[in-house]
Amino acid sequence: MFVLNNILRKNIANLVPYSSARDEFQGEASVFLDANENAFGSPLEQQFNRYPDPLQYRLKKRLSEIKGVPPRNIFLGNGSDEAIDILFRCFCNPGVDNVILVPPTYGMYQVSANINDVAVRNVPLTAEYQLNLDGIAEAIDERTKLIFICSPNNPTGNSIRRADVETLLANFNGLVIVDEAYINFSRQKTFIQELTEYANLVVLQTLSKAWGLAALRVGMAFASEEIIDVMNKVKPPYNINDASQQLALQALDKVDQVNQWIKEILFQRDRLVLALKHFDFVLDIYPSDANFILVKTTDAKGIYNFLVNKGIIVRDRSKVGLCEGCLRVTVGTPAENDILLQTLQDFK
Ligand SMILES: *Cc1c(COP(=O)(O)O)cnc(C)c1O
């Protein structure tokens, strides 16, 4: 059975979190002389002289309406990359615990594990880019704390079978982290609705991809209140700056614009797939539930360098296991996709 206290690091369980000036006073006041800010203002039109809301209450409230999750089940990070790092710091003892990754997958899980000195047990996806459940079961031991599942998966683009993820959730006594950075482009259902079912589920989403706000650095983790409380205890007190909080709030009112873009991106993705198929150097294009496609080619390095010389940058994934010969191509605007396809005509 999953018990959060069994996987929580002792030092984190005992941690007394930093208490900011704004944490200590709750209520109405008009003279704030508690935080050593400059009371005169900021040398800008917009004022940033006050520390931001540490728990981002207004932003979470708006996200809670959109996602159908209470604010107490939402953690906000400086990008979902921060949420990934904080999960390691809350649950993995350096040099002692391990996590399971299922490559090819998002590179940040491995980097965060390395930074935190946490061992990684790699259980590669199958040839169909699905979970090897037997392999994962074998790799789990009593020191395995986290399993990261990216769905739709970066860089392969496909979604991971829901029933397989549920098998892990039902049987693993650590956390199963489902990274849904690309969920807005997918017809698959989010795992957010399973939060009431599985106490060991963490769902990651981000405003960086479909929402078009990569530079604001706002990532979300959805989980039980107990998990969210631990993450909030460990995060830097002011991890989301006030400009990002305000601008994200404004952007969340433009859901129609974002949905319009998503439609156009999916249309452009289909168009890219159809056009790329005709090139002799394209061997395969994998089905994608995301805003990018993984293209298997006869000469990934050659095509990559050729495109770089023409000022077009794609991602060379050909050195990644199970991605031999593959380039990852993000879907661009119609004009950008035109340029890509036109330029590729000249590759010999
Ligand atoms: C892009 C990406 C992220 C990064 O999200 P940020 O919120 O920008 O940190 C997380 N997970 C996956 C799988 C991604 O591809």
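Residues numbered from 1 in each chain as written. Predicted model: local features only at pLDDT ≥ 70, side-chain atom pairs only at ≥ 80, totals over all residues. Heavy atoms only, no water.

J.: Just give me the short version of the pairing of strand β1 (residues 74-77), but keep the residues and values in it.
T.: Here β1 shows no split at all, with I74 and L76 on one side and F75 and G77 on the other all buried. Where β1 meets strand β7 (residues 219-222), four bridges bridge the pair, whose relative direction is antiparallel. Counterpart to G77 in the pairing with β7 is G219. (Buried < 20%, exposed > 50% of the residue type's maximum accessible area, 1.4 Å probe, protein only. Helix = DSSP H or I, 4+ residues; strand = E, 2+ residues; numbered from the N terminus. Pairing = 2+ DSSP bridges.)

J.: Please give an account of the domain arrangement of the protein that cites residues and values.
T.: Assigned domains within the protein: domain 1 (4-251) and domain 2 (256-344). Between the C-alpha centres of domain 1 and domain 2 the distance comes to 29 Å. Taken residue by residue, the interface counts 20 residues in domain 1 and 19 residues in domain 2. Around 1600 Å² of area is buried between domain 1 and domain 2 when both sides are counted, 64% of it from carbon and sulfur atoms. The three residues of domain 1 that bury the most area against domain 2 are Y129, P155 and F185, which together make up 41% of that side's buried surface. Here domain 1 is connected to domain 2 by zero salt bridges. Grouping the amino acids of the side of domain 1 that touches domain 2 by side-chain chemistry returns ten nonpolar, ten polar and no charged. (Domains from an automatic or database assignment. Contact = heavy atoms within 4.5 Å. Buried area = accessible area lost by both parts, 1.4 Å probe. Salt bridge = Lys/Arg side-chain N within 4 Å of Asp/Glu carboxyl O. Nonpolar A, V, L, I, M, F, W, Y, C, P; charged D, E, K, R; others polar.)

J.: Residue-level account of the site of the ligand, with values.
T.: Taken together, the neighbourhood of the ligand is formed by 13 residues, with D179, Y182, T206, S208 and K209 sitting nearest. The side chain of D179 places a nitrogen or oxygen atom 2.7 Å from a nitrogen atom of the ligand. Isolated, the ligand exposes 390 Å² of accessible area, and the fraction of that covered by the protein chains is 94%. Partitioning the shell around the ligand into residue classes produces four nonpolar, five polar and four charged. (Near = heavy atom within 4 Å. Polar contact = N/O pair within 3.5 Å; in protein donor to acceptor, adjacent residues only side chain to side chain. Areas by Shrake-Rupley, 256 points an atom, 1.4 Å probe, with all protein chains shown as cover.)

J.: Hey, could you go over the packing of helix α5 (residues 80-91) against helix α9 (residues 225-234) for me, with residue numbers and the actual values?
T.: Where α5 meets α9, the closest approach of the two axes is 10 Å, and the angle between their N-to-C directions is 100°. By the angle between their axes, α5 is roughly perpendicular relative to α9. For the pair α5 and α9, the contacting residues are A83, I86, L87, R89, C90 and F91 in the first and I227, V230, M231 and V234 in the second. (Axes fitted to C-alpha atoms, helices over the stretch in contact; angles between N-to-C directions. Parallel < 35°, antiparallel > 145°, perpendicular 65-115°, else oblique.)

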